[in-house]
Amino acid sequence: MVVALNVTGDERGEWAVLHVSGELDLVTSPLLRQRVHDVVAEGRHSLVLDLSEVFFCDSSGVGVLIATRRLLRSCQGRLRLILPAEGADGGASRAGAAGRGGGAHVNRVLGALGVRRLFDVQPDLAAAVSEESRPLSA
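What counts, and at which threshold
What you see as residue numbers is a count from 1 along each chain, following the sequence as written. With the structure being a predicted model, the display of local features is reserved for residues of pLDDT at least 70 and the display and counting of side-chain atom pairs for 80 or more, all residues being used for whole-chain, interface and lining totals. The side-chain values count all of the structure's non-hydrogen atoms but skip hydrogen atoms and water molecules. To qualify as a helix, a DSSP run of H or I must reach at least 4 residues; to qualify as a strand, a run of E must reach at least 2; elements of each kind are numbered from the N terminus. Relative accessibility decides the category of a residue: with a 1.4 Å probe and only protein chains considered, values under 20% of the type maximum give buried, values over 50% give exposed, and everything between is partly exposed. Note on definitions: a residue-residue contact is assigned when non-hydrogen atoms from the two residues lie within 4.5 Å. Surface exposure here means Shrake-Rupley accessible area, sampled with a 1.4 Å probe, where a residue is shielded only by the protein chains that are shown. A pair of strands counts as paired when DSSP detects no fewer than two bridges linking them. For helices, the axis comes from a line fit to the C-alpha atoms of the stretch in contact; other axes are also lines fit to C-alpha atoms, and the angle between any two N-to-C directions lies between 0 and 180 degrees. Each helix should span, by expectation, one fewer than its residue count multiplied by 1.5 Å. We define a polar contact as two N or O atoms separated by no more than 3.5 Å, with the added condition that, inside protein, one atom must be a possible hydrogen donor and the other a possible acceptor, whereas residues neighbouring each other in sequence contribute only through side-chain atom pairs. Residues belong to one nonpolar core when they are buried, are Ala, Val, Leu, Ile, Met, Phe, Trp, Tyr or Cys, and are joined through side-chain atoms within 4.5 Å. Our angle categories are set so that under 35 degrees counts as roughly parallel, over 145 as roughly antiparallel, 65 to 115 as roughly perpendicular, and the remainder as oblique. Left-handed describes a crossing whose near helix is turned anticlockwise from the far helix through less than a right angle; right-handed describes the clockwise counterpart. Each residue receives one of three labels: charged for Asp, Glu, Lys and Arg, nonpolar for Ala, Val, Leu, Ile, Met, Phe, Trp, Tyr, Cys and Pro, and polar for the others, Gly being one of them.

**Some remarks on the overall build of the chain**
Right, so step 1: When helices and strands are tallied, the chain shows 5 helices and 5 strands.
Right, so step 2: Element order for the chain, N to C, with α for helix and β for strand: β-β-α-β-α-β-α-α-β-α.
Right, so step 3: Counting the 138 residues in the chain, one finds 44% classified as buried.
Right, so step 4: Of the contacts made within the chain by residues no fewer than 6 positions apart, 66% connect residues no fewer than 24 positions apart.
Right, so step 5: As presented, the chain carries roughly 6,900 Å² of accessible surface, and 53% of it is formed by carbon and sulfur atoms.

Given below as structure tokens:
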């Protein structure tokens, strides 16, 4: 079985960054969960999840995002998500997002489930690692 999720990591100052691409679903979400736990176990409590290249996310993926938020809050950490602005209203530009395949689906799913407001969502990596960063409006 081919896992349709890729997670790579790097660091930007105090921020650990996990770049996630592919499908975040029941089969692949344990991989992201493990990578998050590995980062926290290394003592990194400021985490950026770059979801701009995730083209599908089901409830299992959303569960991992919520569990990640809970984990980081328990250790006084910070979590930021990188998602494109289109799709933030729950219905914008499906054709455009589908053509690029980048993160708008996740934005729509989080919005539809009413949990997007729980996350500090940023448009790109530069904004996510900036101390002046303000979340995109929900």
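**Here's the deal with the sheet that holds strand β3 (residues 46–57)**
Right, so step 1: Taken in spatial order, the 5 strands line up as β1-β2-β3-β4-β5 in an open sheet, and their pairing is mixed. Looking along the sheet, the strands with just one partner apiece sit at the ends: β1 (5–12) and β5 (120–122). For this sheet, the mean inter-axis angle between neighbouring strands, taken without regard to orientation, is 25°.
Right, so step 2: Bridge analysis of β3 against strand β4 (residues 78–82) gives 5 bridges, and the strand direction is parallel. Bridging across to β4, Val48 finds its partner in Arg80.
Right, so step 3: Across the sheet, helix α2 (residues 59–74) lies against β2 (15–24), β3 and β4, angled at about 175° from β3, the strand it touches most.
Right, so step 4: Lying over the sheet, helix α4 (residues 104–113) contacts β3 and β4, oriented at roughly 100° with respect to β3.

**Topic: α2**
Helical geometry note: an α-helix holds 3.6 residues per turn, so side chains three or four residues apart project in the same direction.
Right, so step 1: End to end, α2 covers 22 Å across 16 residues, agreeing with the expected 22 Å (1.5 Å per residue, within 8%).
Right, so step 2: The complete set of buried residues in α2 reads Ser60, Gly61, Val62, Val64, Leu65, Thr68 and Leu72.
Right, so step 3: On its buried face, α2 is in contact with β2, α1 (29–41), β3, β4 and α4.
Right, so step 4: Regarding α2, its N-cap is Asp58, as a side-chain oxygen of that residue lies 2.9 Å from the backbone nitrogen of Ser60 further along.
Right, so step 5: Gln76 sits one or two positions beyond α2 and adopts a positive phi of about 55°.

**Here we look at the nonpolar core**
Right, so step 1: Ranked by internal contacts, the top residues of the largest apolar core, which has 28 residues, are Leu32, Leu47, Leu49, Leu51, Leu81 and Leu110.
Right, so step 2: Considering every element that reaches this core, the biggest residue donor is β3, with 5 residues.
Right, so step 3: With sequence-adjacent residues up to four places away left out, Leu47 is seen in contact with Trp15, Ala16, Leu18, Val36, Val39, Thr68, Leu72, Arg78, Leu79 and Arg80.
Right, so step 4: Judged by nonpolar contacts, the second largest core, of 6 residues, contains Trp15, Ile82, Leu125 and Ala128.

**Focus on the packing of α1 against α2**
Right, so step 1: For the pair α1 and α2, interaxial distance at closest approach is 9 Å and the crossing angle is 10°. By the criterion of interaxial angle, the relationship of α1 to α2 is roughly parallel. Two packed elements cross with a definite hand, and for α1 against α2 that hand is right-handed. Taking contact as the criterion, the partners of Ser29, Leu32, Arg33, Val36, His37 and Val40 in α1 are, on α2, Ser60, Gly61, Val64, Ala67, Thr68, Leu71 and Leu72.
Right, so step 2: Along the lines of polarity and charge, the residues of the contact of α1 with α2 split into 7 nonpolar, 5 polar and 1 charged.

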